Amino acid sequence: MNPPLTPVNILLVDDQPAKLLSYEAILTELGENLIKAASGREALEILLKQDVALVLIDVVMPDLDGFELARMIRDHPRFAQTALMFVSAVSVTDLDLLKGYEHGAVDYMPVPIVPDLLRARVRIFLDLHRKTRALEQLNAELERRVEERTAALAEINQQLEKRVEERTRERELALAQVHEMQKMESLGQLTGGLAHDFNNLLMGILGCLQYIGKRIPEDPKSRRMLKAAQESAERGAALTKRLLAFARRQELHPEAIHLGSLTDGLAEMLRRSVGPTIQIDLDIAQDLDLIEVDPNQLELALLNLTLNARDAMPNGGRITVAARNADLNGTMVALQNGRYVEVSVIDDGAGMDDTTLKRCTEPFFTTKERGKGTGLGLSTVQGMAVQSGGAIHITSTPGVGTTVNLWFPVAAAATALRAVETAVDAAPSLDQFMVLVVDDEALVGHVTATMVEDLGHAALWVPSGAEALEVVRSGRQIDVVITDHAMPGMTGGQLAEAIHKLIPGMPIILATGFADLPGSYAQNLPRLSKPYGPDELAQALALVEPQQRVAS
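Computed from a predicted structure; not experimentally measured.

What counts as what
Residues numbered from 1 in each chain as written. Predicted model: local features only at pLDDT ≥ 70, side-chain atom pairs only at ≥ 80, totals over all residues. Heavy atoms only, no water. Helix = DSSP H or I, 4+ residues; strand = E, 2+ residues; numbered from the N terminus. Buried < 20%, exposed > 50% of the residue type's maximum accessible area, 1.4 Å probe, protein only. Contact = heavy atoms within 4.5 Å. Areas by Shrake-Rupley, 256 points an atom, 1.4 Å probe, with all protein chains shown as cover. Pairing = 2+ DSSP bridges. Right-handed = clockwise from strand over helix to strand, strands pointing away. Core = buried A, V, L, I, M, F, W, Y, C linked by side-chain atoms within 4.5 Å. Axes fitted to C-alpha atoms, helices over the stretch in contact; angles between N-to-C directions. Phe/Tyr/Trp six-rings, centres within 6.5 Å; stacked < 30°, edge-to-face > 60°. Arc of directions from axis to C-beta. Polar contact = N/O pair within 3.5 Å; in protein donor to acceptor, adjacent residues only side chain to side chain. Left-handed = near helix turned anticlockwise from the far one by under 90°. Nonpolar A, V, L, I, M, F, W, Y, C, P; charged D, E, K, R; others polar. Expected span 1.5 Å × (residues − 1). Parallel < 35°, antiparallel > 145°, perpendicular 65-115°, else oblique.

Visitor: I would appreciate a short explanation of the overall build of the chain in the present structure.
Guide: Broken down by element type, the chain carries 17 helices and 17 strands. Split into buried and exposed, the 552 residues of the chain put 41% on the buried side. In the chain, once contacts between residues fewer than 6 apart in sequence are set aside, the share between residues at least 24 apart is 70%. Accessible surface, the chain: about 30,100 Å² in total, of which carbon and sulfur atoms supply 55%.

Visitor: What's the story with the pairing of strand β14 (residues 458-462) in this structure? I'm lost.
Guide: Within a regular beta strand, the side chains point alternately toward one face of the sheet and then the other, so they alternate between its two faces. Residues of β14 alternate between two faces, with Ala458, Leu460 and Val462 buried on one and Ala459 and Trp461 left unburied on the opposite face. As judged from the five bridges shared by strand β13 (residues 434-438) and β14, these two strands associate in the parallel manner. Note on β14: the bridge partner recorded for Val435 is Ala459. Between β13 and its parallel partner β14, the chain crosses via helix α13 (residues 442-454), and the hand of that crossover is right-handed.

Visitor: Could you clarify how one ought to interpret the nonpolar core in this entry?
Guide: Nonpolar side chains in soluble globular proteins generally cluster together in the buried interior. Ranked by size, the top nonpolar core spans 36 residues in total, and within it Leu259, Leu298, Ile319, Leu406 and Phe408 carry the most contacts. Excluding anything up to four places from it in sequence, Ile319 contacts Val274, Ile278, Gln279, Ile280, Asp281, Thr306, Ala309, Arg310, Met313, Val345, Ile346 and Asp347. Counting 22 residues, the second-largest nonpolar core is a separate cluster that includes Leu47, Val52, Leu69 and Tyr108.

Visitor: Whenever I open this one, the sheet that holds strand β10 (residues 338-347) confuses me. Can you help?
Guide: By definition, the strands of a sheet pair up through backbone hydrogen bonds, in either a parallel or an antiparallel sense. With mixed pairing, five strands are arranged side by side in an open sheet as β7-β9-β10-β12-β11. Each edge of the open sheet carries a strand with a single partner, namely β7 (278-284) and β11 (391-397). For this sheet, the mean angle separating the axes of adjacent strands, direction not counted, is 15 degrees. Two elements, β7 and strand β9 (residues 317-328), share seven bridges in a ladder whose sense is parallel. The residue bridging Gln279 from the neighbouring strand is Arg318, located in β9. Set on the sheet, helix α8 (residues 259-274) makes contact with β7, β9 and β10; between it and β7 the angle comes to about 175 degrees. Across the sheet, helix α9 (residues 295-311) touches β7, β9, β10 and β12 (401-409), and the angle it forms with β10 is around 35 degrees.

Visitor: Explain the packing of aromatic side chains to me, please; I cannot follow it from the model alone.
Guide: To describe a pair of aromatic rings, you give the distance between the ring centres and the angle between the ring planes. In total, this model carries two aromatic pairs according to the counting rule given. Taking 5.2 Å as the distance between ring centres and 80 degrees as the angle between the ring planes, the aromatic pair formed by Phe67 and Phe86 counts as edge-to-face. Here Phe67, found in helix α3 (residues 66-75), pairs with Phe86, found in strand β4 (residues 83-88); they are 19 residues apart in sequence, far enough to count as distant. When sorted by exposure, Phe67 lands in the same class as Phe86, which is buried. Arranged with centres 5.6 Å apart and planes meeting at 50 degrees, the rings of Phe86 and Tyr108 form a pair that is tilted. With Phe86 in strand β4 and Tyr108 in strand β5 (residues 107-110), this pair connects stretches of sequence that are 22 residues apart.

Visitor: I tried to follow helix α14 (residues 465-473) on my own but got confused; where do I start?
Guide: In an α-helix, one turn spans 3.6 residues; hence positions three or four apart end up facing the same way. What α14 keeps buried is the set Gly465, Ala468, Leu469, Val471 and Val472. For α14, the buried positions fall inside an angular range of 155 degrees around the axis, keeping them on one side. Turned more than 90 degrees away from the buried face of α14 sit Glu470 and Arg473, all of them exposed. For α14, the elements touching its buried residues are β13, β14 and α15 (492-502). Where α14 terminates, the next one or two residues include Gly475, which has phi positive at roughly 85 degrees.

Visitor: In this structure, what is going on with the side chain of Arg130? I would like to understand it.
Guide: Checked against the element boundaries, Arg130 lands in helix α5 (residues 115-152). Engagement of the side chain of Arg130 in a polar contact is seen with the backbone oxygen of Thr6, the distance being 3.0 Å. Setting aside its immediate chain neighbours within four residues, Arg130 contacts Leu5, Thr6, Pro7, Val8 and Glu32.

Visitor: Looking at this model, I keep getting lost on the sheet that holds strand β17 (residues 527-529). Mind explaining?
Guide: If you walk across this open sheet you meet the five strands as β14-β13-β15-β16-β17, and the pairing is parallel. The strands lining the two open edges of the sheet, one partner per strand, are β14 and β17. The mean inter-strand angle of the sheet, taken between neighbouring strand axes irrespective of direction, is 20 degrees. Relative to the sheet, α14 contacts β13 and β14, its axis offset from that of β13 by approximately 155 degrees.

Visitor: What is the right way to look at the packing of α8 against α9 in this model?
Guide: Geometry of a packed helix pair, given as the angle between the helix axes and the separation of the axes. Where α8 meets α9, the axes come as close as 10 Å, and the angle between the chain directions of the two elements is 40 degrees. Pair α8 / α9 crosses with right-handed handedness. Residue-level inspection shows Leu259, Leu262, Thr263, Leu266, Met269, Leu270, Ser273 and Val274 of α8 in contact with α9, the latter providing Pro295, Leu298, Glu299, Leu302, Leu303, Thr306, Leu307 and Arg310. The class makeup of the residues in the contact of α8 with α9 is eleven nonpolar, three polar and two charged.

Visitor: Help me understand α5 in this model?
Guide: Look at α5: 56 Å from first C-alpha to last across 38 residues, which is about the 56 Å you get at 1.5 Å a residue. Lining the buried residues of α5 we find β1 (9-13), α1 (17-27), β3 (54-58), β4 and β5.

Visitor: Which parts of the structure should I look at to understand the pairing of β12?
Guide: Counting buried residues along β12, eight of its nine residues qualify, which places the element largely inside the surrounding structure. Two strands pair when backbone bridges link them, and β10 and β12 are joined in this way by eight bridges, in the antiparallel orientation. Bridging from a neighbouring strand, Asp347 pairs with Thr402 of β12. With seven bridges joining them, β11 and β12 adopt antiparallel strand pairing. The residue of β12 that forms the bridge with His393 is Asn405. Turn length for the β11-β12 hairpin, with the two strands adjacent in sequence and antiparallel, is three residues, and the turn residue Gly399 shows positive phi of about 80 degrees.

Visitor: Just to check I follow, could you spell out the packing of helix α2 (residues 40-49) against α3 for this structure?
Guide: Contact pair α2 / α3: the axes reach a minimum separation of 10 Å and the direction vectors enclose 20 degrees. Our classification of the angle between α2 and α3 gives roughly parallel. By crossing handedness, the relation of α2 to α3 is classed as right-handed. Of the residues in α3, those in contact with Gly40, Ala43, Leu44 and Leu47 of α2 are Leu69, Met72 and Ile73. Considering only residue class, the contact of α2 with α3 consists of six nonpolar, one polar and no charged.

Any functional reading would require information beyond the geometric quantities listed.
As C-alpha cells, this is what we get:
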C-alpha cells in the first residue's frame with residue numbers, strides 16, 4: 001500500500017473574490033493546500049515565502065496583469081520550474097494563448113471552466129511536480145553515494161579535490177551574491193509601491209494642514225499643535241523619499257543642491273542607524289558652493305559610508321561627516337582642475353591593511369562574515385561619485401581608522417539657479433490659469449485643486465486619464481495640466497502623450513514621488529515631487545508658459 005501523499009501548495013491568483021471561491025470549491029477535493037491571492041503583488045509575496053507547486057493565474061487584473069506576473073515569476077531562478085496555468089474569460093484568442101505560452105504557461109483554460117477538466121489538468125501537473133521532486137531526491141541520494149565513494153579515494157586525489165572544492169565555494173558565493181541582489185530588487189519594488197501610497201496620504205495631510213493653517217484663529221496653542229502636525233507629516237514625507245531612493249535603480253537625476261541642507265536632514269537618520277554607542281559629528285562649512293548631484297543617491301552613499309564605519313567600531317567610537325570647498329590643481333589624477341566640494345566620512349575604527357585597501361572598492365569584495373554584506377557598498381559609492389563627475393579616495397591605517405573623501409564638481413548653473421529661484425519667489429506670476437488636475441486619489445485631487453484656487457487660479461479635478469482626455473476634447477479652456485503618474489488604465493506619461501497629439505505644446509506637469517519612470521515621454525516632462533505644498537506648486541506654475549488664459 002502506497003503511503004499517503006503529502007499535500008502541496010496551489011496558489012490561486014484572481015482579483016475577483018467570487019472566482020477565487022469557485023476555484024477553491026472545484027479543487028478542494030484534490031486534498032491539496034489552496035492559497036488565495038487577490039493581486040499579482042500579493043502573489044509575489046506569497047511565492048517568496050512559501051513553496052508552490054502550481055500557480056493558477058487570471059490574465060486580466062488591474063495592478064499587474066497575468067502575463068506580466070508570469071514573466072516576473074519566470075525571471076526569478078527559484079521559480080523557473082514552477083507550473084503556471086492561465087485562466088481567462090476575455091483573453092481567449094489564439095494570439096492570447098500564444099502569448100501565455102511564451103510567458104511560460106504550461107496550460108491555458110478559457111472561462112467558463114469545466115470543473116472535471118480543471119481537476120484533471122491540475123492533477124497532471126501536480127503528479128509531474130511530485131515526480132520531479134522524487135527525481136531530485138533520487139539525484140541527491142546518488143550524489144551522496146558518489147561523495148562517499150570519492151571520499152574513499154581522497155588520498156589519491158587530494159590535490160584535485162582541493163581544487164574542485166575551491167571552485168565550488170567560489171560558485172556558491174557568486175550564486176549567494178546574485179540571489180541577494182535579486183532579493184533586494186524585489187524588496188525595492190515592494191518598498192517603492194508602499195512609499196508611493198504613503199506619499200499620497202501625506203500629500204492629503206500636508207495640503208489640508210496648510211489650508212487650515214491659513215484660516216484658524218491666532219490662538220498660540222492651536223498654532224503650536226498645527227506646527228507639530230505639519231512637522232510630523234514633513235518627517236514622514238522625508239522618510240518616503242528615502243524609501244523611494246532605496247527602491248529606484250542607480251540612474252542618477254542630478255540637480256543643484258546645497259550639501260549643508262541635505263546633511264541637516266540626514267543627520268538624525270544617521271544617528272539612529274549607527275546606534276547609541278557611536279557619536280556622529282557634523283563639520284559642514286557654511287560657505288559651501290552648490291553641487292550638481294542626485295540628492296537621493298548622495299544620501300544613500302553617506303548612509304553606506306556611515307554604516308561601514310559603524311561596522312569597523314564594534315565597541316563604539318566617533319564618526320565625523322565633514323564638507324568644505326576645494327580648489328584642485330593637478331592634485332587628483334582622476335579629476336580635472338577646478339572647484340569642487342569635498343565630503344569626508346572619518347572614523348576611528350579598526351582600519352584596513354594595504355591589501356584590503358587596494359581591493360575595498362571592487363564589486364563583491366568584502367571582509368565581513370558570510371551573510372553580513374554583499375560587498376557592493378563602496379563600489380556603488382564610487383560609481384555614483386564618478387558618474388557625477390567626481391572621484392573617491394580612501395586612506396586607512398590599521399588600529400587608527402579610515403577616511404573616505406568624495407569630491408563633487410561645483411554646479412555650473414548654480415548662479416543661474418539662484419537667480420531663477422529668487423525671481424520666482426520675489427515676483428510670482430500674475431496670470432490666472434485654468435488648471436486641469438488629474439489624480440485617481442480623490443483626497444489628493446481635491447487638495448491640489450484647493451491649493452491651485454488659493455493661489456488665485458481656477459481648477460478642475462478629474463480622477464482618470466480617460467476623463468481628462470474627454471475634458472480636453474470637449475474644447476473647454478485649459479491652460480495647464482497637473483497629472484499623477486501612477487494611475488490605473490492610463491499613466492500620466494501616456495496621458496501627456498495623448499494630450500500633446502490633440503494640443504501640441506500644452507504645458508503638462510507630472511506629479512509623482514518616483515524618480516525613475518518607464519517611457520521616455522514621461523522622463524522629459526516637468527516634475528512636481530510628491531508630497532508638495534503651495535510654495536512648490538506656485539513655483540511649478542510660475543515656470544510654465546500656457547498658450548491660453550482664463551478670461552479676466
